[in-house]
Amino acid sequence: MSIKARFFDDIAGLAGNAFSAANGVREEIHAIVRARVDEVLNGLDLVRRDEFDAIQEMAGRARLAQEEAEARLAGLEERLARLEAVQKVEPSAEG
């Protein structure tokens, strides 16, 4: 094998090792940044998306139940007003 071929093989190996080392450093930096971001997000006490969706659904159901209860209450108040009106009319008709 010639010296030139061996030289280029060594350079290629060195470049490959440098690339591997750079890739390892990149992955390590990525892991550190991800850990820091997770730490900051946990410190902010944020809500996860699935938890938010569940609470939003519960709030929607509660709003619907409240609207139904308000409609029922309005109906009962109307019925009571009619009954009170009938009671007021009856005593004066007898008297």
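Residues numbered from 1 in each chain as written. Predicted model: local features only at pLDDT ≥ 70, side-chain atom pairs only at ≥ 80, totals over all residues. Heavy atoms only, no water.

In the annotation of an unreviewed UniProt entry, the entry for the protein reads Accessory factor UbiK family protein, and the organism field reads Neokomagataea tanensis NBRC 106556.

## Some remarks on the overall build of the protein
The number of helices and strands found in the protein is two helices and zero strands. Taking 12 Å as the expected radius of gyration for a compact globule of 95 residues, we find that the protein reaches 39 Å, considerably beyond that expectation. A burial count over the protein gives 0% of its 95 residues as buried. Looking at the protein as shown, the accessible area adds up to about 9,000 Å², and 60% of this sits on carbon and sulfur atoms. Computed over 13 positive and 19 negative side-chain charges, the inter-centroid distance for the protein is 7 Å. (Helix = DSSP H or I, 4+ residues; strand = E, 2+ residues; numbered from the N terminus. Rg over C-alpha atoms; globule rule 2.2 N^0.38 Å. Buried < 20%, exposed > 50% of the residue type's maximum accessible area, 1.4 Å probe, protein only. Areas by Shrake-Rupley, 256 points an atom, 1.4 Å probe, with all protein chains shown as cover. Lys, Arg positive; Asp, Glu negative; His and termini not counted. Charge placed at Lys NZ, Arg CZ, Asp CG, Glu CD.)

## Digging into the pattern of salt bridges
Tallied over the full model, the rule gives five salt bridges. A salt bridge links arginine 82 to glutamate 78, with the shortest nitrogen-to-oxygen separation between them at 3.8 Å. Taken together, the residues span about one helical turn, with arginine 82 and glutamate 78 both in helix H2 (residues 49-94) at a distance of four residues. (Salt bridge = Lys/Arg side-chain N within 4 Å of Asp/Glu carboxyl O.)

## Points about helix H1 (residues 3-43)
With 41 residues, H1 should reach 60 Å at 1.5 Å per residue; the first-to-last C-alpha distance of 59 Å fits that figure. Residue aspartate 45 follows H1 closely and has a positive phi angle near 60°. (Expected span 1.5 Å × (residues − 1).)

## Concerning a nonpolar patch on the surface
A surface patch of nonpolar side chains, about 710 Å² in accessible area, is lined by Val25, Ile29, Val33, Val37, Val40, Leu41, Leu44 and Leu46. On the secondary structure map, leucine 46 appears in the loop between H1 and H2. (Patch = residues over 30% accessible without salt bridge, like charges linked within 9 Å, V, L, I, M, F, W, Y side chains within 5 Å.)

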